[in-house]
Amino acid sequence: MYTISLNILDLQDGYHALVDVKILDQTFKLVVDTGASKTVLDKNTLLESGIQKDQFENTDILSSGLGTNNMQSFKLKLPYLQIGEWRKENFEVAVLDLATINYAYSQMGLPSVIGVLGGDILVHYSAKIDYAKETIKLNKTKKAKKLPTKKLTLNADT
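Residues numbered from 1 in each chain as written. Predicted model: local features only at pLDDT ≥ 70, side-chain atom pairs only at ≥ 80, totals over all residues. Heavy atoms only, no water.

Asker: Is there a simple way to explain the packing of aromatic side chains in this structure?
Answerer: Aromatic ring pairs are reported here in terms of the distance separating the ring centres and the angle at which the planes meet. If you walk through the whole model with that rule in mind, you get two aromatic pairs. Look at F56 and F74: their rings are 6.0 Å apart centre to centre, the planes differ by 40 degrees, and that puts the pair in the tilted class. Of this pair, F56 sits in the loop between α1 (43-48) and β6 (57-65) while F74 sits in strand β7 (residues 68-83), placing them 18 residues apart in sequence. Judged by relative accessible area, F74 falls into the buried class, the value being 15%. Arranged with centres 5.0 Å apart and planes meeting at 80 degrees, the rings of W86 and Y125 form a pair that is edge-to-face. Within this pair, whereas W86 is found in strand β8 (residues 86-96), its partner Y125 is found in the loop between α3 (119-122) and β10 (128-130), the two being separated by 39 residues in sequence. The two residues W86 and Y125 agree in class, both being buried. A cation over a ring is seen here: R87 above Y80, with NZ or CZ 3.9 Å from the ring centre. (Phe/Tyr/Trp six-rings, centres within 6.5 Å; stacked < 30°, edge-to-face > 60°. Helix = DSSP H or I, 4+ residues; strand = E, 2+ residues; numbered from the N terminus. Buried < 20%, exposed > 50% of the residue type's maximum accessible area, 1.4 Å probe, protein only. Lys NZ or Arg CZ within 6 Å of the ring centre and 35° of its normal.)

Structural data, given as structure tokens:
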């Protein structure tokens, strides 16, 4: 298991945990997002870092969250994604335009982020977040065990 440092940001009305990530031989910051289903990177930051537009694979899926439910999403296979000593080769991420997040961060005087670290890493690599120690732990290998899921049922009478 790898132990990785977190940077906890006080946003006055809440907190964000950031982690440094190495992509394309550059270091960026990711927001640890336990509610995100997938790791998502910012399209504009990737383009500025040398990724060519034709490397994005169109998904024909409209993503929800981030204040909208009609944002075009793409996929990108990174040569590697590294967080501390934890590293995965040929890692696929979702790609969205995260300009609104970075604009909000800049308005608060915070550093920009390349995206969010989501459940595809947090769940499959058994993340353990320790806010008191400001660390996150990730297993080296992906867990093969399928996690139990619960179905949400809604009653129209309530």
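The discussion continues.
Asker: How should I be thinking about the environment of N90 in this particular structure?
Answerer: Positionally, N90 belongs in strand β8. The exposure class assigned to N90 is exposed, which follows from its relative accessible area of 51%. Taking the C-alpha atoms as reference points, N90 and P79, eleven residues apart in sequence, are found 4.7 Å from one another. Here N90 is in contact with K77, L78, P79 and Y80, once residues within four sequence places are set aside. (Contact = heavy atoms within 4.5 Å.)

Asker: I'm lost on unusual backbone geometry in this one. Help?
Answerer: Working note: non-glycine residues mostly have negative phi, and peptide bonds are mostly trans. Non-glycine residue N90 carries a positive phi angle of around 50 degrees. The backbone of S126 sits at a positive phi, close to 50 degrees, despite the residue not being glycine. Here S126 lies in the loop between α3 and β10. For S126, a relative accessible area of 18% gives the class buried.

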